[in-house]
Amino acid sequence: MDFLNKYIGALLYGLLKLTAYLPLKLLYLKADAISYIAEKVIRYRYPVIIQNLSRAFPEKNYHEIKEVAHQFYRHFFRVFAEVIRSQAMKPEEVRKRYNLTNPELIRDLHRKELNILVLGGHWGNWEWGIMTPLFFSFSAYTLYKPLSSKTTEYLMARIRRHFGLKLLPMQQAGRFILSKKDFPALYFFIGDQSPSHKNPEYRFNFLNQPSFFFNGGARLAMATKSAVIYQSISRIKPGYYDVTFRLVSLPGDDQNEQDILRKYATLLEADIRSKPAYWLWSHKRWKHRAE
């Protein structure tokens, strides 16, 4: 069965790789057509998107909410087009399209021999974070939860490793970082999904409603004495992004998990409010309500 999953995954990646050589403008046209069908015909997660937006922006009227939803659909499917196109990009093209505004912050922390945990969110093009290894001379890992579908797992691993990003299952991360087998290094963690816990210690006001947050990233940073950075991937124009890193905490600065998560939530919310259409409104962020 593992062989079959890998075979199907390799076949799918081969088809994706061929598609990746199409011009990005053509991929955008295809993405926009799919976006129209998803929004107007299939109504893909439409109630979830409208409900999430309405709760997050109570000051907006229904027309404004519908307009943000429309922009979200367009951006969401264009992200898929950009992910596909990335698999045929050369490093020179990547550096034109994916601009790190302050990489010196990461390099300075690395020179101080600190592991760096980067907290991000599903905003901008979060998948283009796979390009980060091209900008640094040391290892970069993404912390992830293995998928139940082995075929999808294989396909996503091929995509994410394309520029040298290493994959590290979340449940192995603490032991691996503490072993210092690859020290110091850069670790990425996307922490804005809906956690299953209802621990009030990790509940913060986020987008006008009480929201639970994963504590795994903050706890890992505390346990491994890692610096914590917030990553903002802002869309400048179609196919072009600016990436800005912001310091959240340093080892020994007397911040606890709640302080780290509170800062993370504040920075992420500021990004979302600046360009609301670029967040992942289709996921059930508040399925575990914090009343």
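Nothing here was measured: the structure is a model prediction, and the numbers come from that model.

**Q** Would you mind going over the packing of helix α3 (residues 46-56) against helix α4 (residues 62-86) with me for this structure?
**A** Geometrically, a packed helix pair is captured by the angle between its two axes and the distance between the axes. It is at 10 Å that the axes of α3 and α4 come closest, and there the two elements cross at 125°. Taken together, the axes of α3 and α4 lie oblique to each other. By crossing handedness, the relation of α3 to α4 is classed as right-handed. In this structure, α3 contributes Tyr46, Ile49, Ile50, Leu53 and Ser54 to the contact, and α4 contributes Tyr62, Ile65, Lys66, Val68, Ala69, Phe72 and Tyr73. Looking at the contact of α3 with α4 residue by residue, the classes come out as 10 nonpolar, one polar and one charged.

**Q** Help me out: how do you make sense of the packing of aromatic side chains in this one?
**A** Ring pairs (aromatic) are described by centroid distance and by the angle formed between their planes. Applying the stated criterion to the full structure yields 21 aromatic pairs. Each member of the aromatic cluster is reached from another via a ring pair, and the members are Phe57, Phe204, Phe206, Phe213, Tyr230, Tyr264, Trp279, Trp281 and Trp286. If you follow arginine 43 out to its NZ or CZ, it ends over the ring of tyrosine 46, 3.9 Å from the centre. Directly above the aromatic system of phenylalanine 213 lies the positively charged group of arginine 285, at a separation of 4.7 Å from the ring centroid.

**Q** What's the story with a nonpolar patch on the surface in this structure? I'm lost.
**A** A surface patch of nonpolar side chains, about 850 Å² in accessible area, is lined by Phe3, Leu4, Tyr7, Ile8, Leu11, Leu12, Leu15 and Leu18. Considering the arrangement of structural elements, one finds leucine 11 in helix α1 (residues 2-20).

**Q** Before we go on, may I ask you to explain the pairing of strand β5 (residues 186-190) in this structure?
**A** Along a regular strand, successive side chains alternate from one face of the sheet to the other. Most of β5 sits inside the fold, with four of its five residues counted as buried. Pairing geometry for strand β2 (residues 116-120) and β5, over five bridges, is parallel. Bridge pairing in β5 links leucine 117 to tyrosine 187. Where strand β3 (residues 140-144) meets β5, three bridges bridge the pair, whose relative direction is parallel. Each bridged residue has a counterpart across the sheet, and for tyrosine 141 the counterpart in β5 is tyrosine 187.

Rules used in this analysis
- Residues numbered from 1 in each chain as written.
- Predicted model: local features only at pLDDT ≥ 70, side-chain atom pairs only at ≥ 80, totals over all residues.
- Heavy atoms only, no water.
- Axes fitted to C-alpha atoms, helices over the stretch in contact; angles between N-to-C directions.
- Helix = DSSP H or I, 4+ residues; strand = E, 2+ residues; numbered from the N terminus.
- Parallel < 35°, antiparallel > 145°, perpendicular 65-115°, else oblique.
- Left-handed = near helix turned anticlockwise from the far one by under 90°.
- Contact = heavy atoms within 4.5 Å.
- Nonpolar A, V, L, I, M, F, W, Y, C, P; charged D, E, K, R; others polar.
- Phe/Tyr/Trp six-rings, centres within 6.5 Å; stacked < 30°, edge-to-face > 60°.
- Lys NZ or Arg CZ within 6 Å of the ring centre and 35° of its normal.
- Patch = residues over 30% accessible without salt bridge, like charges linked within 9 Å, V, L, I, M, F, W, Y side chains within 5 Å.
- Areas by Shrake-Rupley, 256 points an atom, 1.4 Å probe, with all protein chains shown as cover.
- Salt bridge = Lys/Arg side-chain N within 4 Å of Asp/Glu carboxyl O.
- Buried < 20%, exposed > 50% of the residue type's maximum accessible area, 1.4 Å probe, protein only.
- Pairing = 2+ DSSP bridges.

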